[in-house]
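A closer look at the structure
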Amino acid sequence: IRDNLGTPSTATGPLNGAASLDSSYYLYCETSGQYGLVANLHSSCVDMNSFISPAFVFGYNMYGATMGTLNVDVSIDNGATWINEWTLSGNQGQAWQENAISLDSYAGQILRVRMSYTSGTSFTGDCAIDNLRFMESPIAGCMDSLACNYNLNATVSDGSCYNLTVSASATDVLCYNDSNGTASASVNASNVTYAWSNGNSTASISGVLPGTYTVTVVDTFGCTASDSAIVGNPSTMTASFAIGNQS
């Protein structure tokens, strides 16, 4: 179905009213009452001699709890047989995403591409595709200039953009002024370094006194993030006695 306003079913398909990848129309499969079925879209014949390093680039939206499977296949015999070059199944989230498939192995040949979707088991499997094109192989990467991993040379987004965040948490000492408190840091990136205010450089610290502990993390791109956690100190125990005359 050709559309640009979102699918009729709830909790699936592109967001209603949101722009497609090329700010125009997209194609989608309406899966209400149509489960386990296959929809195919075939390209015309394309001569790979027109490219130095050919690629097939496409956008897709696979949002829904019962999302099926999307395949990209290539034929060099005008559709008599097909070679699978890419496959993806399941819910991929609300946002549009893009992918680039290298066609270097088909250099010098004439080929056709097929996008094939097999629907899932319920109405929440509306899959959409958009902005399909043959082009010179792009450079995939983060295209958000505000993200930590921004790639100035990227020509197609690979969905990897992120901003570094860290969340610190702590457990209190057991008794007043003990040194058995702990603190730990949770980060949304891998390959980071840790620097705690007490000099430690691991994701978690233990055997610490009551107090505030701040952690700063740095990723491989040089982005930094900090957070603090408080190791609490229980109150001291006091006892009072009343001594009376014993007769």
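Please refer to the structure placed before this passage.
The structure reproduced in this document is the subject of the present report.

How each quantity is defined
- Residues numbered from 1 in each chain as written.
- Predicted model: local features only at pLDDT ≥ 70, side-chain atom pairs only at ≥ 80, totals over all residues.
- Heavy atoms only, no water.
- Helix = DSSP H or I, 4+ residues; strand = E, 2+ residues; numbered from the N terminus.
- Buried < 20%, exposed > 50% of the residue type's maximum accessible area, 1.4 Å probe, protein only.
- Polar contact = N/O pair within 3.5 Å; in protein donor to acceptor, adjacent residues only side chain to side chain.
- Contact = heavy atoms within 4.5 Å.
- Disulfide = S-S within 2.5 Å.
- Salt bridge = Lys/Arg side-chain N within 4 Å of Asp/Glu carboxyl O.
- Pairing = 2+ DSSP bridges.
- Axes fitted to C-alpha atoms, helices over the stretch in contact; angles between N-to-C directions.
- Patch = residues over 30% accessible without salt bridge, like charges linked within 9 Å, V, L, I, M, F, W, Y side chains within 5 Å.
- Areas by Shrake-Rupley, 256 points an atom, 1.4 Å probe, with all protein chains shown as cover.

1. Remarks on the side chain of D126
One can find D126 in the loop between β9 (110-118) and β10 (127-136). What makes D126 buried here is its relative accessible area of 0%. One polar contact links D126 to T31, side chain to side chain, over a distance of 2.8 Å. When neighbours within four sequence positions are excluded, D126 is seen to be in contact with T7, S9, T12, G13, Y28, C29, E30, T31, N61, Y63 and M67.

2. Considering the environment of T31
Looking at the secondary structure, you find T31 in the loop between β2 (26-29) and β3 (38-42). Given a relative accessible area of 1%, T31 falls into the buried group. Taking the C-alpha atoms as reference points, T31 and T66, 35 residues apart in sequence, are found 9.8 Å from one another. Sequence-distant contacts of T31, that is, excluding residues within four places in its chain, are made with Y117, S119, S122, F123, T124, G125 and D126.

3. Considering the state of the cysteines
Overall, the coordinates contain two disulfides when judged by the stated rule. Disulfide pairing places C142 opposite C161 at an S-S distance of 2.1 Å. Across the disulfide from C142 to C161, rotation about the S-S bond amounts to roughly 110°, and the bridge is consequently right-handed. Linking C142 in the loop between β11 (140-141) and β12 (156-157) with C161 in the loop between β12 and β13 (166-171), this pair joins segments that are 19 residues apart in sequence. Assessed through its relative accessible area of 1%, C142 is described here as buried.

4. Side note on the pattern of salt bridges
Throughout the structure, instances matching the rule amount to two salt bridges. Among the ionic pairs, R114 bridges to D73, the shortest N-O distance being 2.9 Å. Placement of the pair is R114 in strand β9 and D73 in strand β6 (residues 69-75), with a sequence separation of 41 residues.

5. Quick look at the sheet that holds strand β14 (residues 181-187)
Reading across the sheet, the three strands line up as β13-β14-β16 and stay open at both edges, with antiparallel pairing between neighbours. The open sheet has two edge strands, β13 and β16 (204-208), and neither has a second partner. Going across the sheet, the axis of each strand differs from the next one's by a mean of 15°, ignoring polarity. Judged from the six bridges that link them, β13 and β14 form a sheet pairing that is antiparallel. The partner of A168 across the bridge, within β14, is A185.

6. Section: the environment of N40
Within the secondary structure, N40 sits in strand β3. You can call N40 partly exposed: its relative accessible area is 42%. It is 9.9 Å that separates the C-alpha atoms of N40 and L70, two residues lying 30 residues apart in sequence. When sequence neighbours within four positions are dropped, the list of residues in contact with N40 reads R114, M115 and S116. Engagement of the side chain of N40 in a polar contact is seen with the side chain of S116, the distance being 2.7 Å.

7. Remarks on a nonpolar patch on the surface
A cluster of nonpolar side chains, namely L27, L41 and L132, defines an oily patch on the protein surface of about 210 Å² accessible area. Position of L41 relative to the elements: it lies in strand β3.

8. A word on unusual backbone geometry
What is expected of a backbone is that most residues other than glycine have negative phi and most peptide bonds are trans. Phi at A11 takes a positive value of approximately 60°, unusual for a residue other than glycine. Position of A11 relative to the elements: it lies in the loop between β1 (2-3) and β2. Looking at A11, the relative accessible area reads 46%, which means it is partly exposed. The backbone phi angle of N78 is positive, close to 60°, even though this residue is not glycine.

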